Amino acid sequence: MAPPVPEPDPAQSQPYLAVRDLTVRFDTEDGVVRAVNGVSFSVRPGRTLCVVGESGSGKSVASLAILGLHNPRRTRLSGQILVGGRDVVGLDEKQIRTMRGRSMAMIFQDPLSALHPYYTVGRQIVEAYRVHHPSAGKAEARRHAVAMLGRVGIPQPDRRFDRYPHEFSGGMRQRVMIAMALVNHPDLLIADEPTTALDVTVQAQILDLLADLQSEFNTAIVLITHDLGVVSQVAHDVLVMYGGRAVEQGTVEQVLRRPQHPYTWGLLASVPTLRGDPDADLTPISGSPPSMINLPAGCAFHPRCRYAGETEGRSTTEIPLLRPAGEPDHLVACHLSDADRARLREHEVTPTEVA
């Protein structure tokens, strides 16, 4: 079940993160990688936006751009990324470093790679804390780090403070990453597939932990995932990406129960449900994601879309723009008419079983 939607609060009505027309390009020997192409979205305090899509859709590239983690020498970035009202696009490394950890932080997919193997977990959390509290002494920083380890559910945090990453299980390492990300109480947390390598029991614990900490700190969360089961548990809002573009946006209720884009239909149809036939084959989306160096003309999804022939050729020549899908804040980028989507959706997926 999706988390409850917070009651509207005038003081919290403005988004903490607002991404507007974000474009990210990488120059390579093989050509220009058009990783993100004019994506816009926002997240308010206390809400979770899940960004979904197959590998290569631009999800992680967009999140790294928010934190200013792309190499500026090989990256061309345009648009606006407002974090707490401040545009981070164009800031130099020193300026954006002052925002990382304090205004915004990130939980990476593989904690074993993200944590330094030669330093204890406690030392790494202490360093993250003292970057933004340079006047804090070692004893004070240790107290904060130990308290944060305890807060994320690590038993005997005072003893575990002096352990190395390899001495922790995968789930415990992820808890360490969360502790490090939240030690300075950032207003924005980006989690890049934080439960991918974990078993389902530990995954549920990590998701519950993030929800509890969000409730405590009123954090705005961007969670990147390809798992629609995770989306149904934690999301307030959903952004579906394909070929570096947003193809559908809306609340979790709208996107999972009343999906409007053929790509979203395909994602939902490929998910097993509790009520379905356990021996039935899943329905994968035919074909493969496009090359970001050589994107198809028109709608990037048209080579894999069984309904591309019903758009009078527009799918192969025109890039569809996001437009209202019949409900407030529900947007879709598709050349099919509203009537055609309503007719075709009935034969695609039973989305209510997923949400």
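What you are looking at is a predicted structure, and each value in this text was computed from that prediction instead of being measured.

Rules and cut-offs
Residues numbered from 1 in each chain as written. Predicted model: local features only at pLDDT ≥ 70, side-chain atom pairs only at ≥ 80, totals over all residues. Heavy atoms only, no water. Helix = DSSP H or I, 4+ residues; strand = E, 2+ residues; numbered from the N terminus. Rg over C-alpha atoms; globule rule 2.2 N^0.38 Å. Buried < 20%, exposed > 50% of the residue type's maximum accessible area, 1.4 Å probe, protein only. Contact = heavy atoms within 4.5 Å. Areas by Shrake-Rupley, 256 points an atom, 1.4 Å probe, with all protein chains shown as cover. Lys, Arg positive; Asp, Glu negative; His and termini not counted. Charge placed at Lys NZ, Arg CZ, Asp CG, Glu CD. Pairing = 2+ DSSP bridges. Axes fitted to C-alpha atoms, helices over the stretch in contact; angles between N-to-C directions. Core = buried A, V, L, I, M, F, W, Y, C linked by side-chain atoms within 4.5 Å. Domains from an automatic or database assignment. Parallel < 35°, antiparallel > 145°, perpendicular 65-115°, else oblique. Left-handed = near helix turned anticlockwise from the far one by under 90°. Nonpolar A, V, L, I, M, F, W, Y, C, P; charged D, E, K, R; others polar.

With respect to the overall build of the protein chain
Right, so step 1: Counting secondary structure elements, the protein chain contains 12 helices and 12 strands.
Right, so step 2: At 21 Å, the protein chain has a C-alpha radius of gyration in line with the 20 Å of a compact globule built from 355 residues.
Right, so step 3: Seen through its C-alpha atoms, the protein chain measures out along the principal axes to roughly 70 × 50 × 45 Å.
Right, so step 4: Counting across all 355 residues of the protein chain, residues that qualify as buried make up 49%.
Right, so step 5: Sequence-distant contacts, at least 24 apart, represent 67% of the contacts inside the protein chain between residues at least 6 apart.
Right, so step 6: Per element, the accessible surface of the protein chain, about 17,200 Å² overall, is 50% carbon and sulfur.
Right, so step 7: Across the protein chain, the centroid of the 36 positively charged side chains sits 8 Å from that of the 40 negatively charged ones.

Some words on the pairing of strand β9 (residues 237-242)
Right, so step 1: Among the six residues that make up β9, six are buried, leaving the element largely enclosed by the rest of the structure.
Right, so step 2: Judged by which residues are buried, β9 turns out to be covered on both faces: D237, L239 and M241 on one side and V238, V240 and Y242 on the other are all buried.
Right, so step 3: Examined bridge by bridge, strand β3 (residues 48-52) and β9 share four bridges and lie parallel to one another. Considered in β9, the bridge of L49 is made with D237.
Right, so step 4: Taken together, β9 and the strand that follows it, strand β10 (residues 245-251), pair antiparallel across an intervening segment of two residues, in which G243 is found at a positive phi of about 60°.

With respect to the pairing of strand β6 (residues 104-107)
Right, so step 1: In β6, alternate side chains face the same way, and those of M104 and M106 on one face and A105 and I107 on the other are all buried.
Right, so step 2: With four bridges connecting them, β6 and strand β7 (residues 188-192) associate as parallel partners. Bridge pairing in β7 links I107 to A191.

Some points on the sheet that holds strand β1 (residues 17-28)
Right, so step 1: Strand order in the open sheet made by the four strands is β2-β1-β4-β5, with antiparallel pairing throughout. Two strands close off the open sheet at either side, each with one partner strand: β2 (31-43) and β5 (86-87).
Right, so step 2: Helix α1 (residues 59-66) contacts β1, β2 and β4 (75-83) of the sheet and is inclined by roughly 110° relative to β1.

A look at the nonpolar core
Right, so step 1: Counting 66 residues, the largest nonpolar core has I178, L223 and V231 as the members making the most contacts within it.
Right, so step 2: For this core, the domains that each give at least three residues are domain 1 (17-235) and domain 2 (258-348).
Right, so step 3: Not counting the four nearest positions on each side in its chain, I178 is found in contact with I107, V152, I206, L209, L210 and L213.
Right, so step 4: Judged by nonpolar contacts, the second largest core, of 36 residues, contains L22, V61, M106 and I224.

Describing the packing of helix α7 (residues 170-182) against helix α8 (residues 200-217)
Right, so step 1: Across the interface, α7 lies against α8 with an axial gap of 10 Å and an inter-helix angle of 15°. One way to sum up the angle between α7 and α8 is to call them roughly parallel. Like other packed secondary-structure pairs, α7 and α8 cross with a definite hand, here right-handed. On the side of α7, the interface is formed by G171, Q174, R175, I178 and L182, while α8 contributes V202, Q205, I206, L209, L210 and L213.
Right, so step 2: Its residues assigned to classes, the contact of α7 with α8 comprises seven nonpolar, three polar and one charged.

Overview of the environment of L295
Right, so step 1: When you line up the elements, L295 lands in the loop between α11 (262-269) and β11 (323-324).
Right, so step 2: Judged by relative accessible area, which is 15%, L295 ranks as buried.
Right, so step 3: Spatially, the C-alpha atom of L295 lies 29 Å from that of P194, the residues being 101 residues apart in sequence.
Right, so step 4: When sequence neighbours within four positions are dropped, the list of residues in contact with L295 reads R34, N37, G243 and P290.

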